[in-house]
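Listed below, chain by chain, are the residues.
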Amino acid sequence: MTSITRLDIPEVVLITPPRFQDSRGYFSETYKKAALDAAGLDFTFVQDNESLSTTPGTIRGLHYQAPPFAQAKLVRVVSGSIFDVAVDIRKGSPTYGKWVGATLTAEGGEQLLIPHGFAHAFCTLTPDVRVLYKVDGAYSKASEGGIIWDDPDVAITWPVKEAVVSEKDAILPRLKDLDSPFVYS
């Protein structure tokens, strides 16, 4: 049975599908809409994305897509491991500016469901990390946004001493300078 665990911000959910193992390896249903629906997690994913990060300590994010192109994400690791983070950027939310994180590994098969209204990032913990994630909306360059990965007001406890970030991610604004396009309801 699929394990569904709501994190400290309950809209962000850790999902672990079962694995059926024998001497040859394992089999897992990595995405089962009926299991998510039964847990009240009604998303229709329209696209799969994949990233490869070769260097441990690589941080990708904190990214979001603004409405009407907002994207919920279902993130999993197929090789290596990551520390995956979601930051609540919904105006008026009781958890606005707070973050939750979980370690996702290829070996454990854990997944993180990140709904609309959250900025998302991950940090690679091993070399050659391959991340797959489903999204429920199409990408729109004009709608992309983000906040700086090391914002002191958000204060994410990253599990690395030195981060490797893109030039684009290194100049994202702080949360206090963001006019968030999301409103808590």
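Within an unreviewed UniProt entry, the label attached to the protein chain reads dTDP-4-dehydrorhamnose 3,5-epimerase, and the organism entered is Azorhizobium oxalatiphilum. A UniProt comment under Function (unreviewed entry) is attached to the protein chain, and it reads "Catalyzes the epimerization of the C3' and C5'positions of dTDP-6-deoxy-D-xylo-4-hexulose, forming dTDP-6-deoxy-L-lyxo-4-hexulose." UniProt lists a comment for the protein chain under the heading Subunit (unreviewed entry), and it reads "Homodimer."

## Details of the UniProt feature "active site" (unreviewed entry) in the protein chain
Look at the UniProt record and you will see "active site" (unreviewed entry) annotated at His-63 and Tyr-133. Look at the named residues: they lie 71 residues apart in sequence, but the longest C-alpha span between them is just 13.7 Å, so in the fold they bunch up. Along the polypeptide, His-63 turns up in strand 6 (residues 59–65). Classification of His-63 as partly exposed rests on a relative accessible area of 26%.

## Some points on the nonpolar core
With 22 residues, the main nonpolar core has Leu-62, Val-87, Ile-89, Ile-147, Ile-156 and Trp-158 as its most contacted residues. If you list the elements that add at least two residues to this core, you get strand 6, strand 8 (81–88) and strand 12 (118–124). Residues within four places of Ile-89 in sequence aside, it is in contact with Tyr-64, Tyr-96, Gly-117, Phe-118, Ala-119, Leu-175, Leu-178, Ser-180 and Phe-182. Among the nonpolar cores identified, the runner-up in size contains 20 residues, and Leu-7, Ile-82, Leu-112 and Val-135 belong to it.

## With respect to the sheet that holds strand 7 (residues 73–79)
The strand order 1-2-11-7-13-5 describes an open sheet built from six strands, whose pairing is antiparallel. Edge positions in the sheet fall to strand 1 (3–6) and strand 5 (47–53), since each of these pairs with one other strand and no more. The average angle at which neighbouring strand axes cross in this sheet is 25 degrees, direction not considered.

## Remarks on the sheet that holds strand 14 (residues 144–146)
Pairing is antiparallel across the open sheet formed by five strands, whose spatial order is 10-8-12-6-14. One side of each edge strand has no neighbouring strand; the edge strands of this open sheet are strand 10 (99–105) and strand 14. Going from strand to strand, the sheet's axes swing by 30 degrees on average, the running direction of each strand aside. In this sheet, strand 10 lies alongside strand 8 in antiparallel orientation, the contact comprising seven bridges. Its bridge partner being in strand 10, Ala-86 is matched across the sheet by Val-100.

## Some thoughts on the pattern of salt bridges
For the coordinates displayed, the defined rule picks out 13 salt bridges. The residue Asp-153 makes a salt bridge to Arg-174 at a minimum N-O spacing of 2.7 Å. Remark: Arg-174 occurs in the loop between helix 2 (167–170) and strand 15 (182–183) and Asp-153 occurs in the loop between strand 14 and helix 2; sequence separation between them is 21 residues. Look at Asp-153 and you get partly exposed, because its relative accessible area is 46%. Taken together, the shared-partner salt bridges connect Glu-11, Asp-88 and Arg-90 into one network.

## Remarks on the side chain of Asp-84
Along the chain, the position of Asp-84 falls in strand 8. We note that Asp-84 is buried and unpaired, the nearest opposite charge coming from Lys-73 at a distance of 8.0 Å. Polar contacts involving the side chain of Asp-84 include one to the side chain of His-120, which spans 2.5 Å. Sequence-distant contacts of Asp-84, that is, excluding residues within four places in its chain, are made with Val-75, Val-100, Gly-101, Ala-102, Leu-104, Leu-112, Ile-114, His-120, Ala-121 and Phe-122.

The rules behind each value
Residues numbered from 1 in each chain as written. Predicted model: local features only at pLDDT ≥ 70, side-chain atom pairs only at ≥ 80, totals over all residues. Heavy atoms only, no water. UniProt positions renumbered as here; feature names shortened; annotations may be inferred. Helix = DSSP H or I, 4+ residues; strand = E, 2+ residues; numbered from the N terminus. Buried < 20%, exposed > 50% of the residue type's maximum accessible area, 1.4 Å probe, protein only. Core = buried A, V, L, I, M, F, W, Y, C linked by side-chain atoms within 4.5 Å. Contact = heavy atoms within 4.5 Å. Pairing = 2+ DSSP bridges. Axes fitted to C-alpha atoms, helices over the stretch in contact; angles between N-to-C directions. Salt bridge = Lys/Arg side-chain N within 4 Å of Asp/Glu carboxyl O. Lys, Arg positive; Asp, Glu negative; His and termini not counted. Polar contact = N/O pair within 3.5 Å; in protein donor to acceptor, adjacent residues only side chain to side chain.

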